[in-house]
Structures are given as C-alpha cells and as structure tokens.
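Secondary and tertiary structure notes
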Amino acid sequence: MKNSHFSRAGFILAASGSAVGLGNIWKFPYMAGEYGGGAFVLVYLLTIVCVGFSLLVAEILIGYSGEKDAVSSFEELAPKKEIGWKYAGFMGATGLLIMTFYSVVIGWILYYVILSVIFLPTTMEAAQQGFGDLVGNQAWTQIVFHLIATVLIMSILLKGIKGGIEKTNEILMPILMLIILGLLLYAMTLDGFKESLRFFFVFEFSKLSSEAITQAVGHSFFTLSIGMAAILTYAASLPRRTNIVKAAFWVVFLDTSIALMAGLMMYAFIFEFNQDPATGPGLVFISLPVVFSQIGTLGTIFAVLFFLALAFAGLTSAISIVEPTIEYTMNRLEWSRLKSTLIASAIFFIVGVFTLLSYTAEYGAIFTFGGLPLFDLLDKLTTNVLLPLGGLTVAIFVGFVVRKERVYASMSEFVSKGFFEAWYFNIRFIAIPALVFTLLNLVGIIKI
Ligand code: PFF
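One structure accompanies this document, and this report is about it.

Moving on to the nonpolar core. If you look at soluble globular proteins, the nonpolar side chains tend to sit buried side by side. Formed by 161 residues in total, the largest nonpolar core has its most connected members in Phe11, Ile153, Phe269, Phe285, Phe306 and Trp423. If you tally residues by element for this core, the top one is helix 12 (residues 244-272), at 18 residues. If we skip the residues at most four places from it in the chain, Phe269 touches Leu183, Tyr186, Ala187, Leu190, Leu288, Val291, Phe292, Ile295 and Phe302.

Moving on to the side chain of Thr383. Within the secondary structure, Thr383 sits in helix 16 (residues 374-401). Residue Thr383 is classed as buried on the basis of its relative accessible area, which comes to 2%. Side chain to side chain, Thr383 and Lys27 meet in a polar contact 3.2 Å long. Only 2.9 Å separates the side chain of Thr383 from the backbone oxygen of Asp379, close enough to count as a polar contact. Filtering out sequence-adjacent residues up to four positions away, Thr383 remains in contact with Lys27, Gly218, His219, Phe222 and Pro388.

What follows deals with the packing of helix 3 (residues 38-66) against helix 4 (residues 70-77). Their axes nearest at 8 Å, the elements helix 3 and helix 4 cross at an angle of 85 degrees. It follows that helix 3 is roughly perpendicular to helix 4 by the angle criterion. Contacts between helix 3 and helix 4 involve Ile62, Gly63, Ser65 and Gly66 from the former and Ser73, Phe74, Glu76 and Leu77 from the latter. Considering only residue class, the contact of helix 3 with helix 4 consists of three nonpolar, four polar and one charged.

It is worth spelling out the site of the ligand at this point. Among the 15 residues in the neighbourhood of the ligand, the closest are listed as Ala19, Gly23, Tyr102, Phe222 and Met228. At 2.5 Å, a side-chain N or O of Tyr102 approaches an oxygen atom of the ligand. Within the complex, 100% of the 340 Å² of free accessible area of the ligand lies under protein. With respect to the detected pockets, the ligand is housed in the largest cavity. Contributing elements (two or more residues each) for the shell around the ligand: helix 1 (8-19), helix 2 (22-34), helix 10 (210-223) and helix 14 (297-332).

Conventions and cut-offs
Residues numbered from 1 in each chain as written. Predicted model: local features only at pLDDT ≥ 70, side-chain atom pairs only at ≥ 80, totals over all residues. Heavy atoms only, no water. Core = buried A, V, L, I, M, F, W, Y, C linked by side-chain atoms within 4.5 Å. Buried < 20%, exposed > 50% of the residue type's maximum accessible area, 1.4 Å probe, protein only. Helix = DSSP H or I, 4+ residues; strand = E, 2+ residues; numbered from the N terminus. Contact = heavy atoms within 4.5 Å. Polar contact = N/O pair within 3.5 Å; in protein donor to acceptor, adjacent residues only side chain to side chain. Axes fitted to C-alpha atoms, helices over the stretch in contact; angles between N-to-C directions. Parallel < 35°, antiparallel > 145°, perpendicular 65-115°, else oblique. Nonpolar A, V, L, I, M, F, W, Y, C, P; charged D, E, K, R; others polar. Near = heavy atom within 4 Å. Areas by Shrake-Rupley, 256 points an atom, 1.4 Å probe, with all protein chains shown as cover. 1 Å grid on protein atoms, 1.4 Å probe; cavity = no way out; pocket = protein on both sides within 12 Å on 5 of 7 lines; lining within 4 Å. Sits in = over half its atoms within 2 Å of the grid points.

Printed below as a string of structure tokens:
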C-alpha cells in the first residue's frame with residue numbers, strides 16, 4: 001500500500017474525525033437550544049437519514065473513483081463533452097472560508113483548556129463576563145490562540161495523509177470518544193438527564209419555523225462534512241476494493257451518535273444546575289464552566305477533559321477542511337506540500353484575524369456588513385448557502401451527469417442491485433428536490 005494512502009480503518013477514522021467536530025459538540029447543542037430543541041433535532045435527523053447519508057456515499061464515490069484532488073476527480077468522471085464539470089471541484093475552496101472562523105473557535109477552546117486548570121468561574125455573571133471579555137476585548141489573546149491552533153493544524157498537515165492525518169485521527173479519535181462517553185455516563189446519574197432527554201426528543205411542531213429548517217438542514221451538511229469535497233478528497237486516497245457504502249454508514253453513525261451523546265450530556269448538566277439552554281454560541285464557554293465549577297475538584301477534571309475533547313474534535317476536522325486545497329494545489333499547480341500548507345494556512349490565519357476582530361468592541365464596526373459581524377456572515381454563508389449548494393452539485397453530478405454504469409461499477413461488488421437503485425433514486429429524486437427546496441426557502445422564495 002502506498003504511503004500516501006489510508007488503510008481502510010484509517011479512512012473510517014479520518015472521515016469520522018472530519019465529521020465529528022465543533023459542529024457536534026459546540027454548534028449542535030446550542031443550535032438545538034436556540035431553534036426549539038426536539039423540532040430542530042427532528043429535521044436534523046431526517047435530513048441526515050434521507051439526504052445526508054446518500055450524499056456522503058456520492059461524495060466518497062467521486063473521490064474513490066477519481067483518485068485525485070476534487071477538480072481532477074470531477075474531470076475524470078465527467079463525460080468528455082461535459083468537462084466543464086471539473087470546476088465543481090472548486091467547492092473545496094469553501095474550506096478556507098470555514099477555517100477563518102473554525103480556527104478562531106479552536107483557539108478559544110485551547111484558551112479554555114488552560115483556564116479550566118487555573119480557574120473556573122463560579123457564577124453565571126462571572127462566566128459571561130469572562131467569555132465576553134475574551135471575545136469582545138482581548139483581540140491579542142485571541143490572535144495568539146488562533147495562531148497556536150493554526151500551527152497545530154499545519155504541523156499535522158505537513159506530515160501528509162499517512163503520517164499526519166491518519167496517525168492523528170488514530171490517536172485523538174478514540175480519546176475523544178472515551179471522554180464524551182465517560183462524561184455522558186456521569187451525566188446519566190443526574191436528575192437533569194431526564195429533562196435533557198425530553199428537550200431533545202419531544203417535538204413541538206409549533207417551534208418548526210422556516211429559519212429552524214434552514215439551520216437544521218445546513219447544519220446536517222456541516223456536521224457530515226458534505227458539500228466542500230473534504231471526505232471526497234480523503235476518499236481519493238482509499239485502497240482499491242473498499243466498501244464505500246459501509247464506510248459512509250460508519251461515518252454517519254459515529255457522527256450522529258457523538259452529537260446526540262454530547263448534546264444529551266451537556267443539557268443534563270445544564271438542567272441539573274438550572275442554567276439557560278438558549279445561551280447561543282457561548283453555551284459551552286459560559287454555562288458549562290459554571291456547572292463544572294459547582295461539581296468541585298471532579299468538575300475541574302471534567303472541564304479539562306471536556307475542552308480537550310472539543311479541541312481534538314476541532315483539530316481532526318480542521319485538517320480535513322484544509323486538505324482539499326492542499327491536494328488541489330499539489331496536484332494541479334505542482335506545489336510542494338510545504339508550500340501548499342503554508343499558503344493555505346496563511347490565508348485562513350489572516351482572514352481569521354479579521355473574523356475575530358468583528359466581535360471586538362474596538363474594531364467590530366469595521367468588520368460588520370449589513371448588520372452581521374464577519375464571523376456570523378462567514379458561518380451563515382458557508383453553512384447555509386455554500387455547503388447545501390455543494391451538496392446539490394454533487395447530487396446532480398452523480399445522479400444525472402456521470403454514466404449510471406460507471407456509478408454502479410464503484411459499488412456493485414458490495415451492495416445489491418436493489419440497494420443501488422434505491423440509493424440512486426434517492427440522489428435523483430429526493431436529495432435534489434430537498435436541496436432545491438431548502439435553498440429556495442433560504443432566499444425566501446418559499447416560506448414555511
Ligand atoms: N463536520 C465538521 C464539524 O461538524 O465540525 C466541520 C466540517 C468539516 C465542515 C469538513 C465541512 C467539512 F468539509
């Protein structure tokens with residue numbers, strides 16, 4: 001096996017490492033809190049089962065069959081006359097946009113790992129003030145931690161697929177899962193756990209707003225790393241004769257279970273200690289530290305472990321977000337891995353500084369557009385627009401552009417004809433209309 005290739009298990013870990021990220025442990029719980037608990041969770045789960053899984057198979061298929069960077073893989077699979085489809089591979093660039101806020105948040109998390117050891121706030125006001133101060137006033141602290149995050153990400157990427165990406169995932173993913181599982185087991189002993197279960201699984205249809213649907217669908221893409229060629233790029237380095245459907249199943253299974261486990265665990269703590277579930281993006285940085293401080297020494301250990309798990313989740317995703325750009329520049333522009341990594345990292349680091357400044361009191365106004373701070377603008381643009389658009393592109397390409405026999409050939413060995421037909425139908429007649437509907441809902445042409 002070539003050194004530039006994953007092992008089969010290594011791929012599943014790396015792809016799950018990509019999927020399980022800040023989206024699961026930071027975003028999912030606070031979004032569920034903001035958009036109506038069970039109603040949000042229902043749309044999120046439905047999108048994953050009805051559309052996400054099929055699209056993930058489609059993305060893996062493109063990378064696995066193309067065996068190259070995203071642009072070359074689209075080019076390789078497109079029929080001769082439709083070679084323009086190669087440009088679809090540029091969806092990988094969405095990754096650089098995501099990284100401009102993703103790396104900033106990893107920076108906050110690293111800061112909170114240290115903070116947890118030194119001092120945990122004991123009241124909600126103190127916690128709010130602490131986080132507000134970091135984000136609103138301490139630009140330099142944030143820049144330093146954003147830089148540390150960038151350097152960590154770079155140092156993994158520089159070592160390439162096998163020695164960098166696969167190895168890191170092999171070490172960090174099992175630790176991350178153990179930490180979340182351990183915290184969940186503890187949380188299950190609390191009375192707040194029942195309330196947490198109710199919060200996640202009781203659906204109140206009155207809470208199902210148009211906005212909640214857009215957010216839930218967008219988040220399903222974000223959490224499965226769909227729509228920007230991340231797992232597609234990893235799949236290009238899969239050994240031949242890999243069962244891509246099984247691989248996709250594992251990624252979806254691990255990603256969804258970890259999100260639900262993390263969410264249930266956090267809300268059990270939050271309800272137990274009477275905190276507010278709808279604190280927004282500050283949830284893990286404000287409510288949780290207070291909760292942990294009330295548990296005493298054990299709480300400090302929980303806090304450190306929790307933020308470490310969050311940092312690991314962020315790092316294993318971040319590398320997958322940058323890798324498409326690196327593979328593209330290496331393959332098509334013949335840059336070295338060193339040059340590609342340095343340039344890609346410099347771009348997201350620099351724009352990331354503007355992103356973090358958009359939340360500060362001093363510079364916020366300069367980096368706010370149409371009432372939205374650059375941070376929120378980039379988050380919403382990527383999650384709600386670019387990833388669904390990328391997903392739609394993948395679905396149209398696999399469902400209508402690539403020859404059906406070619407699509408079938410890449411999985412015929414592993415799935416029955418019936419399964420293939422059902423999946424193919426899903427891509428063509430469920431995923432595409434669902435995505436078009438979501439995008440129209442987003443621009444307000446359809447309103448629910
Ligand atoms: N799936 C990651 C998360 O949930 O945090 C984020 C992500 C990774 C989005 C890779 C997109 C991507 F291509």
